[in-house]
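Observations on chain architecture
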Amino acid sequence: MKKIVNNPENVVDEMLEGIEAVHSHTLKRLPDSNVLVRNEAPVIGKVGLVSGGGSGHEPAHAGFVGENMLDAAVAGEVFTSPTPDQIFKAIKAVDSGNGVLLIVKNYSGDVMNFDMAAEMAEAEGIQTEQVIVKDDTAVAEEEDRRGVAGTIFVHKIVGTAVEEGLNLKEAVELARHTAGNVRSMGVSLKPSIVPASGKPGFTLEADEMEIGTGIHGEPGMERKPLKEANCIAEELLETVLDDLDVTAGEDVAVMTNGQGSTPLMELYIVHRKVAQLLEEKNIHLKHSMVGEYMTSLEMAGCSITVLRLDQTLESYLL
Amino acid sequence: MKKIVNNPENVVDEMLEGIEAVHSHTLKRLPDSNVLVRNEAPVIGKVGLVSGGGSGHEPAHAGFVGENMLDAAVAGEVFTSPTPDQIFKAIKAVDSGNGVLLIVKNYSGDVMNFDMAAEMAEAEGIQTEQVIVKDDTAVAEEEDRRGVAGTIFVHKIVGTAVEEGLNLKEAVELARHTAGNVRSMGVSLKPSIVPASGKPGFTLEADEMEIGTGIHGEPGMERKPLKEANCIAEELLETVLDDLDVTAGEDVAVMTNGQGSTPLMELYIVHRKVAQLLEEKNIHLKHSMVGEYMTSLEMAGCSITVLRLDQTLESYLL
Amino acid sequence: MNLSVEDVKRWMHVSNQKIQENKEYLSELDQPIGDGDHGHNLGRGFEEVVKKIEREDYQEIGALMKDVAMTLISKVGGAAGPLYGTAFLKAADEWKGSPTITEELLIQGLEAAVEGLRTRGKADRGEKTLIDVWVPVLDYIQKNDVQPIELKEIAKEGMQSTNGMQAKKGRAAYFREASTAHIDPGAYSSYLLFEALYESVNIEEGAHD
Amino acid sequence: MNLSVEDVKRWMHVSNQKIQENKEYLSELDQPIGDGDHGHNLGRGFEEVVKKIEREDYQEIGALMKDVAMTLISKVGGAAGPLYGTAFLKAADEWKGSPTITEELLIQGLEAAVEGLRTRGKADRGEKTLIDVWVPVLDYIQKNDVQPIELKEIAKEGMQSTNGMQAKKGRAAYFREASTAHIDPGAYSSYLLFEALYESVNIEEGAHD
Ligand SMILES: Nc1ncnc2c1ncn2[C@@H]1O[C@H](COP(=O)(O)OP(=O)(O)O)[C@@H](O)[C@H]1O
Ligand SMILES: Nc1ncnc2c1ncn2[C@@H]1O[C@H](COP(=O)(O)OP(=O)(O)O)[C@@H](O)[C@H]1O
Ligand SMILES: [Mg+2]
Ligand SMILES: [Mg+2]
Ligand SMILES: [Mg+2]
Ligand SMILES: [Mg+2]
């Protein structure tokens, strides 16, 4: 394991200290917690927005705390859901009496821990709602789909919307609407290594790639010989467009996301092909995002996320 | 070689197409060139700002084209300086009659190619000036020092300053002043592989790190056993502070830069220690930047850049 | 089989011991069909549980069990944290105010725990989860005069039965058919808890000889 | 030794041939003390040079050499591009308007080229660069009645002399002492250019036999 860390058990705590040191203009860490909260929280009159999950996906989620985004992000251990007490602290810190919306990636652990936190909040009279993001097209069964990079679109769109005054009920609807129109698909070339275990989550031969890996290295749909960038772009994009049933004439936003160690150069090469394919299909690419948004430590590979845009979504995104 | 590319010979061209597709609101690619130019260029009344270098360092330099930053970035082949004709195209595209400042990283190839471009510009009556950034403390001889991540501070500070109206002479002075007060030092854990060759630039044992590697994998100062993050942070920071002769009571900005495949988590863990050490020394950390600014494809490791701030530099940076 | 506050404390101590001893093994079970952290997650949690209950002085089982549950909830994380946390919390509710767990209370407590597991995890028998241990154990105590050793055997069979099931819930489900020929790590840790229960009453009984 | 437009064209063709044949070797020389691209950089450039000069019809050497120079400048990049580009450009200036390079013009051209290399690269003899080939060659033609084969031998000696020097300029300088026991790739490619010159006049002379 070749990592720049101190004691592997302290990586999350030390990372959070680092984040707080750098971004103290925007956020603060709640005492004795793994919760990063926007400085202005609770914003009076505004619905609170909380997300979180295991660590190792940086900049998700702490990097998305701020105006027009999240009010708080809760960090679990590496690739491990945060616990309910932590999530509950975040909820309390951001509630201004207008209720709190929890944005959850669909992993059993996350779902259950956020559920318990919501119950704790309810017991103290704080109103919460949850939206479970299930954008990973790699899993056949819709209910079992994982929440991956598409989650960032939910943060952004709902973040802007609640800043503009949507109430909790409207925010939930918008969040579900966004989540319902976003799909992702990834490909991995090299695994990541969790600091505490020092072992890779999976292994691949020198000429293999895995289509559809999850953001903790969960198995994908197919393992096959590494293809060139254009083929990869086409395969990922087609799968996603197909699943989302996007047709000619529609508007989309696309995120080409790096999994951690993929050079920006490669992401742009992939995105170039995505843009070309969309143009050929007469699907309008209204907004592009290329970079690292939802990573898996030093995993190599990328994912493509498509969000079908309507006027509402576009107005909050752009 | 495990990369998401098509024909390795086309990586730069395809990357530039991708960048143009994504950032068309900000920049355009000059026809038949590897030059990306800000849409508003030439900005009337403003000194033009051009930088560039080999590709593979993304987001440098194309990612820094825009308001308060560069007017144009010239991309060479991977890890290879761009040619004078390309640089000259950039100069012509951004000159509004107020002259053009070239920001050059101190590599023989870059220096000579930019020199020739400046001569071409002179032959056509365009006034240019150059600032050569030599921030890499790893090289003993000051004249031979490489230009690395510190270059980004020059882009940002001079970019803001010329937007506010500095003339060419003032811009050169400010650029030299910035370059004179910035120093960097890196550590590498894993090499990168140039797509065309498919071979790593250097090799390291599983438990080794190299202190002071250049951004193309040039040798550093010392190869030694991998240390923990706090030790690495301390060694890099001390070397830089020492070289720059920063003393208690002074103000600095610090960039903790990832070399390509280092998780953000590790960068924050390093920066945490940097912030602590500075506090202990009573050096005021006024501005922190943590992330990937000057990469080397998928190299693993990080660098620390310190900029000594005075009122002028601070006013343009913050 | 009646359990005093001391018995339950001992149960938790033996549980912790077993989880620590099997920490690596539990994580190894979680490696091929999960993310290889189950033993470490529970290890972290039970270590805190015994610390917590040693610091306190309990007059009744409810308060003790609630501390166990809350500690697991806040220290384990992942899927196992809320599951075990919920199970113990629901049982604690049933045992509130009781200085002893009678057989009747044991049934009530386990019923509530299993109900909690089902609601929390939305899993059912045969989906290759810890449910495949808890449900047969509950069945057994509902229908029989409880013999600790039998209870342990039932738990063991339930754990073994997961080897051969295709996972439908949790991370293991992503492995589809590849998940089948493995023991479920959560089932194994649940078996350890019931084995610990058997051993802690047995030590007790031995002590009375 | 007088060189016609055709001779110079042939020189460039033979140069390209040699660079292409030695492309991998030149890059290998550049690997341990540079970035392993010297052969590929020059290969890319000379391929374009021969394409360019085949398309055009030259009446005099200056125009031909200027095209060679501009092509190298725009296609090679790195350190070698501006260096060779400058060298040929400066020589082209001296040869402007001349349909033949006389020995006197050859001296003037090479003087200008070496002057250009020095100004561009700020390197001097003994710093392990292509200068260590060009300077002895210039010395030789300044002081002798040029024999092509001797010129080639001088270039070869210059190239070999870099093995044992510690690099002071270019990427190789970062390798400090470790750069010493290697041939400089730029010196090797310069040797190839002079070997090509020797061979192209020799073919010519052979043709006249
Ligand atoms: N929905 C569920 N219902 C019941 N048990 C579950 C469910 N999801 C997971 N489990 C149990 O949790 C165990 C995994 O726990 P653990 O490894 O600690 O969590 P994680 O999967 O978050 O890493 C599985 O072996 C299984 O027994
Ligand atoms: N300042 C200099 N003066 C003279 N020659 C130089 C100088 N810098 C580099 N060279 C020559 O250039 C050669 C390397 O060329 P090349 O590998 O194509 O460029 P780069 O170093 O940019 O990759 C060296 O072997 C050396 O002969
Ligand atoms: Mg886990
Ligand atoms: Mg090079
Ligand atoms: Mg697990
Ligand atoms: Mg080279």
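The structure we're discussing is the one just above.
This report concerns the structure included in the present document. (Residues numbered from 1 in each chain as written. Chains lettered and ligands numbered in written order. Predicted model: local features only at pLDDT ≥ 70, side-chain atom pairs only at ≥ 80, totals over all residues. Heavy atoms only, no water.)

Examining the environment of Lys 52 of chain C
Residue and element names in this part refer to chain C. Positionally, Lys 52 belongs in helix H3 (residues 38-55). The exposure class of Lys 52 is partly exposed, given its relative accessible area of 23%. Distance from Lys 52 to Thr 71, taken between C-alpha atoms, is 7.8 Å for residues 19 residues apart in sequence. (Helix = DSSP H or I, 4+ residues; strand = E, 2+ residues; numbered from the N terminus. Buried < 20%, exposed > 50% of the residue type's maximum accessible area, 1.4 Å probe, protein only.)

With respect to the coordination of the magnesium ion (ligand 4)
Residue and element names in this part refer to chain D. Bound to the magnesium ion (ligand 4) on the protein side are Asp 35 (OD) and Asp 37 (OD), at distances that span 2.0 to 2.2 Å. Distance-wise, the magnesium ion (ligand 6) is placed 3.5 Å from the magnesium ion (ligand 4), both being coordinated by Asp 35. With relative accessibility at 24%, the residue Asp 35 sits in the partly exposed group. (Donors = N, O, S within 2.8 Å, 3.2 Å for Na, K, Ca; no water.)

Some details on the packing of aromatic side chains
Under the criterion given, the structure shown has ten aromatic pairs over all chains. Considering the side-chain rings of Tyr 107 of chain A and Tyr 174 of chain C, the 6.2 Å spacing of their centres and the 75° angle between planes classify their relative orientation as edge-to-face. Linking Tyr 107 of chain A in the loop between strand E5 (100-105) and helix H3 (108-123) with Tyr 174 of chain C in the loop between helix H8 (148-161) and helix H9 (185-208), this pair reaches from one chain into another. We classify Tyr 107 of chain A as buried; its relative accessible area is 2%. Judged by relative accessible area, Tyr 174 of chain C falls into the buried class, the value being 9%. It is Arg 146 of chain A that lies over the ring of Tyr 174 of chain C; its NZ or CZ is 4.6 Å from the centre. (Phe/Tyr/Trp six-rings, centres within 6.5 Å; stacked < 30°, edge-to-face > 60°. Lys NZ or Arg CZ within 6 Å of the ring centre and 35° of its normal.)

Some words on the site of ligand 2
Close contacts around ligand 2 come from 20 residues, with Asp 35, Asp 37, Gly 121, Asp 184 and Gly 186 of chain D the closest. Each of chains B and D places residues near ligand 2. Between ligand 2 and Asp 35 of chain D there is a distance of 2.8 Å, counted from an oxygen atom to a side-chain nitrogen or oxygen. Take Leu 130 of chain D: an N or O atom from its main chain is 3.1 Å from an oxygen atom of ligand 2. For ligand 2, whose unbound accessible area comes to 560 Å², protein coverage reaches 95%. Going through the elements one at a time, helix H3 (38-55), helix H5 (80-95) and helix H9 (185-208) of chain D are the ones with two or more residues in the shell around ligand 2. Of the residues in the shell around ligand 2, the class split is six nonpolar, eight polar and six charged. (Near = heavy atom within 4 Å. Polar contact = N/O pair within 3.5 Å; in protein donor to acceptor, adjacent residues only side chain to side chain. Areas by Shrake-Rupley, 256 points an atom, 1.4 Å probe, with all protein chains shown as cover. Nonpolar A, V, L, I, M, F, W, Y, C, P; charged D, E, K, R; others polar.)

A few points about the site of ligand 1
Contacts to ligand 1 come from 20 residues, most closely from Asp 35, His 38, Ala 79, Gly 121 and Asp 184 of chain C. Site remark: ligand 1 is flanked by residues from chains A and C. Asp 37 of chain C places a polar side-chain atom, nitrogen or oxygen, 2.9 Å from an oxygen atom of ligand 1. For ligand 1, an oxygen atom lies 3.1 Å from a polar atom in the backbone of Leu 130 of chain C. Counting only elements with at least two residues in the shell around ligand 1, the list comes to H3, helix H5 (80-95) and H9 of chain C. Broken down by class, the residue content of the shell around ligand 1 amounts to six nonpolar, eight polar and six charged.

Examining the nonpolar core
Across soluble globular proteins, nonpolar side chains have a tendency to be buried as a group. Val 187 and Val 306 of chain A together with Leu 101, Val 158 and Leu 307 of chain B are the most contacted members of the largest nonpolar core, which has 91 residues in total. Among residues more than four places away in sequence, those in contact with Val 187 of chain A are Met 209, Glu 210, Ile 211, Gly 212, Thr 213, Ile 232, Leu 236, Gln 259, Ala 300, Gly 301 and Cys 302 of chain A together with Ile 4 of chain B. Listed in part, the 90 residues of the second largest apolar core include Leu 36, Ile 152 and Leu 309 of chain A together with Val 270 of chain B. (Core = buried A, V, L, I, M, F, W, Y, C linked by side-chain atoms within 4.5 Å. Contact = heavy atoms within 4.5 Å.)

Examining the interface of chain C and chain A
Each side of the interface is counted separately: chain C has 23 residues, and chain A has 27 residues. Between chain C and chain A, roughly 1,900 Å² of surface is buried when both sides are summed, and carbon and sulfur atoms account for 55% of that area. When the area that chain C buries against chain A is broken down by residue, the three leading residues are Arg 120, Arg 171 and Tyr 174 of chain C, summing to 36%. In this assembly, chain C and chain A are joined by two salt bridges. For Glu 119 of chain A, the salt bridge identified is with Arg 120 of chain C, shortest N-O distance 2.8 Å. Every element with two or more residues in the side of chain C that touches chain A is listed here: helix H4 (61-75), H5 and helix H6 (103-121) of chain C. Ranked by residue count, the leading element in the side of chain C that touches chain A is H4 of chain C, at four residues. Residues belonging to the side of chain C that touches chain A are distributed by class as follows: eight nonpolar, seven polar and eight charged. (Buried area = accessible area lost by both parts, 1.4 Å probe. Salt bridge = Lys/Arg side-chain N within 4 Å of Asp/Glu carboxyl O.)

A closer look at the side chain of Glu 210 of chain B
Residues and elements named next belong to chain B. Counting through the fold element by element, Glu 210 comes out in strand E8 (residues 208-211). A polar contact of 2.6 Å, which involves the side chain of Glu 210, links it to the side chain of Arg 223. When residues no more than four places from it in sequence are discounted, the contact partners of Glu 210 are Gly 186, Val 187, Ser 188, Leu 204, Pro 219, Gly 220, Glu 222 and Arg 223.

Here's the deal with the pattern of salt bridges
Across all of its chains, the model carries 62 salt bridges over all chains by this definition. Between Glu 17 of chain A and Arg 272 of chain B there is a salt bridge; the shortest N-O distance is 2.9 Å. Pair noted here: Glu 17 of chain A is in helix H1 (residues 11-22) and Arg 272 of chain B is in helix H7 (residues 264-280), and the two residues belong to different chains. On the accessibility criterion, Glu 17 of chain A (28% relative accessible area) is partly exposed. For Arg 272 of chain B, a relative accessible area of 12% corresponds to the buried category. Among the charged side chains, a salt-bridge network with shared partners connects Arg 38, Glu 40, Lys 46, Asp 71 and Glu 163 of chain A.

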